[in-house]
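One letter stands for each residue in the lines below.
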Amino acid sequence: MRATTIHAPFDMRVEDVPDPVVQDPTDVVVRVLRACVCGSDLWAYRGESARQPGQRIGHEFLGIVEAAGSEVTGFAAGDLVVAPFVWSDGTCDYCAEGLQTSCPSGGFWGSSGSDGGQGEAVRVPFADGTLVKLPADAASDDRLLTALLALSDVLGTGHHAALGAGVKPGSTVAVVGDGAVGLCGVLAAKRLGAERIIALGRHSTRTDIARLFGATDVVAERGEAAEAAVRELTGGQGAHGVIEAVGTEQSMRTAVAITRDGGSIGYVGVPHGSGTGLDLSVMFDRNIALRGGVAPVRAYIPELLPDILDGTVDPSPVFDLTVGLDGVPGGYKAMDERTALKVLVKP
């Protein structure tokens with residue numbers, strides 16, 4: 001089969017690789033119908049996170065089960081399924097607590113020795129603990145299938161950030177970051193009942209989506225100017241909850257500065273390139289809580305899935321460029337150059 005591999009910074013290739021097969025009795029093989037490129041994939045693309053030459057890549061996909069191991073009880077050939085961005089056994093204490101990202105038997109798609117989602121098929125370990133079945137008729141609905149793909153990462157990650165930020169009905173929320181996760185954070189905040197949602201972003205194509213998703217205000221400034229603008233919008237107090245969806249030192253400094261005393265920051269931006277910009281004494285003095293990290297999206301899929309199926313939530317607008325498998329290298333380039341927000345892959 002064919003799959004995307006990374007060989008060096010900016011060197012993405014679509015190559016022939018061995019077909020995945022059931023290796024363990026808890027495995028299934030999934031034929032990929034939809035995959036996508038994540039903003040976090042760009043750190044490998046730019047050489048800011050290490051990869052082995054020829055390593056597979058991609059951690060968001062959904063598709064059709066083609067084969068199932070003898071111990072798989074929840075899935076059979078022909079089932080339409082979505083995969084969260086990590087696999088997990090579904091039986092450990094962490095899985096029982098809804099923190100599948102800490103499962104000792106778990107792992108990330110595209111890690112060394114595993115299949116990546118940006119290919120024609122994927123071997124899924126611990127299928128019963130990992131995958132979630134989708135309605136079979138969704139396979140023939142292009143828009144719905146695209147919306148359901150967001151369950152594999154960005155929608156659940158935005159939801160995780162909103163929970164960390166303590167979003168509740170009537171609250172004021174600010175969102176730092178206008179990528180797909182930040183925009184899904186807007187969508188999640190709206191879903192949880194936020195009354196006012198302030199989106200920080202400078203690109204009108206992205207802030208237009210933020211408004212579509214429920215943002216009531218947009219702040220285009222950055223740094224201290226952005227902090228002042230949010231303060232002005234909130235009567236000098238700041239937001240009850242802040243979603244941090246970037247991961248840089250500057251974005252975390254901004255998040256702290258625009259949080260109301262007694263408020264919370266939900267952080268899901270993958271930290272990279274610098275320190276965190278945190279001053280614990282400031283957070284201590286102002287009673288600011290910090291919650292977040294790697295989102296256990298497998299725990300959230302059952303809650304979020306019905307809202308996508310009935311149309312209450314539609315994250316599909318975050319996918320603004322569609323490519324076939326051969327177009328994946330160009331998709332990375334488009335996202336790196338910010339001419340695309342999030343690339344949808346149709347193998």
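Residues numbered from 1 in each chain as written. Predicted model: local features only at pLDDT ≥ 70, side-chain atom pairs only at ≥ 80, totals over all residues. Heavy atoms only, no water.

Caption draft 1: Up close: helix α7 (residues 204–213). Within α7 the residues assigned to the buried category are Arg206, Thr207, Ile209, Ala210 and Phe213. One face of α7 carries all of its buried residues, which in axial projection span an arc of 150°. For α7, the exposed residues lying more than 90 degrees away from the buried face are Thr205 and Leu212. Just downstream of α7, Gly214 is the residue with a positive phi angle, here 125°. (Buried < 20%, exposed > 50% of the residue type's maximum accessible area, 1.4 Å probe, protein only. Helix = DSSP H or I, 4+ residues; strand = E, 2+ residues; numbered from the N terminus. Arc of directions from axis to C-beta.)

Caption draft 2: Fine view of the sheet that holds strand β12 (residues 196–200). Here we have six strands laid out as an open sheet, ordered β13-β12-β11-β14-β15-β16, and parallel in their pairing. Strands with a single pairing partner mark the edges of an open sheet, and in this sheet they are β13 (217–219) and β16 (289–292). Adjacent strand axes in the sheet meet at a mean angle of 20°, parallel and antiparallel pairs treated alike. Pairing of strand β11 (residues 172–176) with strand β14 (residues 239–244), which is carried by four bridges, proceeds in the parallel orientation. Bridge pairing in β14 places Ala174 opposite Val242. The sheet strands contacting helix α9 (residues 249–257) are β11, β12, β14, β15 (259–267) and β16, and the helix crosses β15 at an angle near 145°. (Pairing = 2+ DSSP bridges. Axes fitted to C-alpha atoms, helices over the stretch in contact; angles between N-to-C directions. Contact = heavy atoms within 4.5 Å.)

Caption draft 3: Quick peek at empty space enclosed by the protein. Taken as a whole, this structure holds one cavity of 30 Å³ or more when the rule is applied. Counted as a void, the largest cavity has a volume near 40 Å³. (1 Å grid on protein atoms, 1.4 Å probe; cavity = no way out; pocket = protein on both sides within 12 Å on 5 of 7 lines; lining within 4 Å. Points joined across faces, edges and corners; volume = space filled by probe spheres on them.)

Caption draft 4: A look at the pairing of β14. Of all six residues making up β14, five are buried, and the element is well covered by its neighbours. Where β14 and β15 come together, five bridges link them in parallel fashion. Within β15, the position partnered with Gly241 by the bridge is Ser264. For the handedness criterion, the β-α-β arrangement of β14, α9 and β15 is classed as right-handed. (Right-handed = clockwise from strand over helix to strand, strands pointing away.)

Caption draft 5: Geometry of the sheet that holds strand β2 (residues 11–16). As summarised here, the arrangement of the three strands in space is β2-β1-β4, forming an open sheet in which the pairing is antiparallel. Sheet topology places β2 and β4 (55–56) at the edges, where each strand pairs with a single neighbour. Where strand β1 (residues 2–8) lies against β4, two bridges are found, and the strand directions are antiparallel. Counterpart to Ile6 in the pairing with β4 is Gln55.

Caption draft 6: Representation of the state of the cysteines within the structure. Within this structure, the stated rule accounts for zero disulfides. For the unlinked cysteine Cys36, the closest cysteine sulfur is that of Cys38, found at 7.2 Å. Free of any disulfide, Cys184 has its nearest neighbouring cysteine sulfur in Cys36, separated by 10 Å. Relative accessible area serves as the criterion here: at 0%, Cys184 is assigned to the buried category. (Disulfide = S-S within 2.5 Å.)

Caption draft 7: Fine view of the pattern of salt bridges. All chains considered together, the criterion is met by 20 salt bridges. In this structure, Asp142 and Arg34 form a salt bridge, with 2.5 Å as the shortest nitrogen-oxygen distance. Taken together, the residues Asp142 in helix α4 (residues 142–149) and Arg34 in strand β3 (residues 28–36) connect sequence positions 108 residues apart. Overall, Asp142 belongs to the partly exposed group, its relative accessible area being 40%. Taking the shortest distance from any N to any O, the salt bridge between Lys133 and Asp79 comes out at 3.6 Å. One end of the pair, Lys133, is in strand β10 (residues 132–134); the other, Asp79, is in the loop between β5 (61–68) and β6 (80–83), and 54 residues separate them in sequence. By sharing partners, the salt bridges in this structure join Asp24, Asp27 and Arg123 into a single network. (Salt bridge = Lys/Arg side-chain N within 4 Å of Asp/Glu carboxyl O.)

Caption draft 8: Structural detail: helix α5 (residues 154–164). Taking burial as the measure, the 11 residues of α5 include 10 buried ones, the bulk of the element. All buried positions along α5 are accounted for by Val154, Leu155, Gly156, Thr157, Gly158, His159, His160, Ala161, Ala162 and Gly164. Considering only its buried residues, α5 is in contact with α6 (180–191), β14, β15, β16 and α11 (297–309). Two residues or fewer past α5, Gly166 is found with a positive phi of approximately 70°.

Caption draft 9: Seen up close, the environment of Val343. Within the secondary structure, Val343 is located in strand β18 (residues 343–345). A C-alpha to C-alpha distance of 8.7 Å links Val343 and Val318, two positions 25 residues apart in sequence. If we ignore the near neighbours within four places in the chain, the residues touching Val343 are Ala35, Cys36, Val37, Phe319, Leu321, Val323, Gly331 and Met335.

Caption draft 10: Summary view of the packing of aromatic side chains. Evaluation of the coordinates by the stated rule reveals five aromatic pairs. An angle of 80° between the planes, with centres 5.0 Å apart, marks the rings of Phe10 and Tyr45 as edge-to-face. Pair noted here: Phe10 is in the loop between β1 and β2 and Tyr45 is in helix α1 (residues 41–45), with a separation of 35 residues, a long-range link. The interplanar angle of 55° and the centroid separation of 5.1 Å between the aromatic rings of Trp87 and Trp109 together place this pair among those described as tilted. Here Trp87, found in strand β7 (residues 86–87), pairs with Trp109, found in the loop between β8 (107–108) and β9 (121–124); they are 22 residues apart in sequence, far enough to count as distant. The same class applies to Trp87 and to Trp109, which are both buried. (Phe/Tyr/Trp six-rings, centres within 6.5 Å; stacked < 30°, edge-to-face > 60°.)

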